[in-house]
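Here's the letter readout for the chains.
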Amino acid sequence: MKKETEGVGERIKEKKENWSMRVCYNHKIVMRDQATLRGNLYLPERGKACPVILMRTVFRKDTLSKSWGIFDPEYYVRNGYAVYIQDVRGIGESEGEFMRFCADRQDAYDTVEALAHEPWCDGNVGMFGNFFAGFLEFQAAAAKPPHLKAICPFETHVSLNRNNDTRGVTMFYAHIGWCLAREVSRMLSGHYSVEIVDKYLPVVRHYLENYADLVANLPAEELPMKELKEIFPLVRDYFDIALPGYDDVEIIRGEGRLMDLAQLEVPALLLAGWRETSRNTMIEHGDTLRRCGKGNAALSEVIIGNWKSGEPMSMGETALHIPENHFHVEGEILRWFDRWLKGKSQEKKAPFRLFDPGQGIFAELDEWKENGVQSVTWYLESQGHANTAKGDGRLKTDHPGYLSGSDNCLYDPKNPAPGGGYGDDCRASREREDILVYTSGILDKDICVRGVPKVILYASSSAPDTDFIAWLVDVDCEGGTVLAGDGIVRAGYRASWDFEPLEPGKTYRFEIKVSDLVYTFRKGHRLRLEIRNSDFPKFEANRNTGKRPETDNGRRIAKNTVYHGTQTASRLILPCG
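Residues numbered from 1 in each chain as written. Predicted model: local features only at pLDDT ≥ 70, side-chain atom pairs only at ≥ 80, totals over all residues. Heavy atoms only, no water.

A. Structural detail: the side chain of N40. Within the secondary structure, N40 is located in strand β2 (residues 36-44). Side-chain polar atoms of N40 contact the side chain of K61, separated by 3.2 Å. Looking at N40, its side chain comes within polar contact range of the side chain of D62, at 3.0 Å. When residues no more than four places from it in sequence are discounted, the contact partners of N40 are C24, Y25, N26, K61, D62, V83, Y84 and I85. (Helix = DSSP H or I, 4+ residues; strand = E, 2+ residues; numbered from the N terminus. Polar contact = N/O pair within 3.5 Å; in protein donor to acceptor, adjacent residues only side chain to side chain. Contact = heavy atoms within 4.5 Å.)

Following this line, the structure appears as structure tokens:
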């Protein structure tokens, strides 16, 4: 309590001090190829040279919301930093073409070094930002500019999709929407002639307004947006690079999304909300940096907070609410940069501070153990009726006492199961017969999961390809449910990046990673495991044909079978700490 009171007092004192801020709009930095990139500079009005915090954004510096929250320049200027928000190449006020499908490292290097040599900079540069801006921080760190001392990426990744092992899982629909939205931004910021804007802006907006229906009913190659590829480079790169290259490791590596994090040398403070799927890669990347990173990268930290998806990360007070788990995110960022950009001594913090929704507290871990300290195995069991609203699917810790059993479902790609986000209620799953549901008895003690749950699944399909998706669900005493974690395996990519079709009816062993998870399943609750074949629109619905998804205009109903028993012991393995 004393410590918390002192921190609040320090912030109040800070606000009373006299300070002023100077803003320079469209500050120019010339890249090595003579392209001019522009940023908005916020710095203390008076005083000596200070460190700079850089954000490189694709969301146009001049139209970013002023309710930036954690990225509010005023907070950091007030605490002795300059902040620089830069439009990346080809976006907003910056020249050139936006390099969506190649690593943006040279511009990051040139920007960091140019800022470090400005008279108002003391030579120390850090970076922060979320989503694609966070990805660009990793690119900057990989470029190794000498004056980049620390990064603070939020809710991002440098791996394909969500985890490195989601081989062959496509996210085309999200990608093309992202590219179209960026082209709207480019049209609005003057990158195209008036004639092109007048002709195509209404067209692109029409596609975005009808986006959900278009992507749900057409293969990617037949999307009408393809007509725009001769006009807009992002759309062209999408159809010419992203579509044919989604399972080409060299293209993925060229984009920077199979980066070797062990080569990074700067420390990273990695943050995400518990409800974000990016929590998985933030934990994984932090673990890799701490175990394998060079120099100060081995001192990286991870914070997974209890903010909701799409909401500002700060857990500060609002007008009518003081949160139970107050977490001053801006203060954590300031602490990080004070340490690495100003050399201030800091109170020691646990390198992994991960929110546990089951207990409503932060778990503090010295290291991340993927397999936990120990593990508990739960075996799938049923009498063949796990896919009905009153199904008999069970999870038991006893090894099955029978040789073999199975559960079947029919998966129709025309009617994919709706997806859900972490923390969502998923009781509706019980009403679908294309989802297999296995539930434990009432727990007689807390189960504290600390690691990466895995599902070992023995299954077959009548189709040459299909998806198997695992949902780990917490069921409370009144039947309420919470989606705690999920994972997917695309059957045709079960063994490698090379597609290998299934042999109809043959039983295969699949391993599904079910999130990087800190979660306590409470005494009196139940565990539930759902085995699905679709999770739309999070993942495109597998059409079950085994053909290239970007050109596949067919659909095939698959009869998928999950096996259990002593000979085919499908099971859930929970790492506990």
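B. Region of the structure containing the pattern of salt bridges. Tallying each qualifying case throughout the model produces 30 salt bridges. In this structure, D33 and R89 form a salt bridge, with 2.9 Å as the shortest nitrogen-oxygen distance. Remark: R89 occurs in the loop between β4 (82-87) and α3 (106-116) and D33 occurs in the loop between β1 (21-30) and β2; sequence separation between them is 56 residues. For D33, a relative accessible area of 46% translates into the label partly exposed. On the accessibility criterion, R89 (9% relative accessible area) is buried. Of the charged contacts in the structure, one is a salt bridge between D287 and R291, with a shortest N-O distance of 3.1 Å. With D287 and R291 both in helix α10 (residues 278-292) and four residues apart, this pair spans about one turn of that helix. A relative accessible area of 13% places D287 in the buried class. Assessed through its relative accessible area of 56%, R291 is described here as exposed. When salt bridges that share partners are traced, they join E301, E332, R335, R339 and R353 into one network. (Salt bridge = Lys/Arg side-chain N within 4 Å of Asp/Glu carboxyl O. Buried < 20%, exposed > 50% of the residue type's maximum accessible area, 1.4 Å probe, protein only.)

C. Local environment of α3. For α3, the tally of buried residues reaches eight of eleven residues, placing the bulk of the element in the interior. Among the residues of α3, D107, A108, D110, T111, V112, E113, L115 and A116 are the ones counted as buried.

D. A look at helix α11 (residues 329-341). Under the 1.5 Å per step criterion, the end-to-end length of α11 is 18 Å for 13 residues, consistent within 8% with the ideal 18 Å. Counting buried positions over the 13 residues of α11 gives eleven, a clear majority of the element. Among the residues of α11, those classed as buried are V329, E330, E332, I333, L334, R335, W336, F337, D338, W340 and L341. Directly beyond the C-terminal end of α11, a positive phi value near 75 degrees is found at G343. (Expected span 1.5 Å × (residues − 1).)

E. Just the confidence of the model for the protein, in detail. Looking at the protein, the pLDDT average stands at 87 and 90% of residues meet or exceed 70. Ranking the elements of the protein by mean pLDDT puts helix α1 (residues 2-16) last with 33 and strand β16 (residues 454-461) first with 98. For residues 1-16, every residue scores under 50 in pLDDT, and the model assigns this stretch seven contacts once sequence neighbours within four places are set aside. Note that residues 316-322 has pLDDT below 50 and, in this model, five contacts with residues that lie over four places away or in other chains. (pLDDT = per-residue confidence, 0-100.)

F. Broad picture of the pairing of β1. Sheet analysis places β1 next to β2, joined by eight bridges and oriented antiparallel. Along β2, the bridge assignment pairs C24 with L41. Linking β1 to β2, which pair antiparallel, is a turn of five residues; within it Q34 sits at a positive phi near 75 degrees. (Pairing = 2+ DSSP bridges.)

G. Region of the structure containing the packing of aromatic side chains. Summed over all chains, the structure comprises 20 aromatic pairs. Look at Y238 and F239: their rings are 4.8 Å apart centre to centre, the planes differ by 90 degrees, and that puts the pair in the edge-to-face class. The buried category is assigned to Y238, whose relative accessible area is 0%. Taking the relative accessible area as the measure of exposure, F239 reaches 5% and is therefore buried. Consider the rings of F468 and F510, whose centres lie 5.1 Å apart with planes at 40 degrees: the pair is tilted. Residue F468 is located in strand β17 (residues 467-475), and its partner F510 is located in strand β19 (residues 508-513); the two are separated by 42 residues in the primary sequence. The class for F510 is buried, based on a relative accessible area of 1%. (Phe/Tyr/Trp six-rings, centres within 6.5 Å; stacked < 30°, edge-to-face > 60°.)

H. The environment of L443, seen in detail. Checked against the element boundaries, L443 lands in the loop between β14 (436-439) and β15 (447-451). Looking at L443, the relative accessible area reads 6%, which means it is buried. Spatially, the C-alpha atom of L443 lies 34 Å from that of N415, the residues being 28 residues apart in sequence. The residues contacting L443, other than those within four sequence positions of it, are W378, F521, R522, K523, G524, H525, R526 and L527.

I. Inspection of the state of the cysteines at higher detail. Counted by the stated rule, this structure contains zero disulfides. For C409, which is in no disulfide, the shortest distance to another cysteine sulfur is to C426 and amounts to 17 Å. Free of any disulfide, C426 has its nearest cysteine sulfur in C477, 16 Å distant. (Disulfide = S-S within 2.5 Å.)

J. Highlighting unusual backbone geometry. The step from F536 to P537 runs through a cis peptide bond, and the omega angle for that step is 10 degrees. Residue placement: P537 occurs in the loop between β21 (526-532) and β22 (558-564). With a phi angle near 45 degrees, E155 is a residue other than glycine that sits in the positive phi range. Residue placement: E155 occurs in the loop between β6 (148-154) and α5 (172-188). Accessibility expressed as a relative area gives 10% for E155, which makes it buried. Although it is not a glycine, N544 adopts a positive phi angle of roughly 70 degrees. Here N544 shows up in the loop between β21 and β22.

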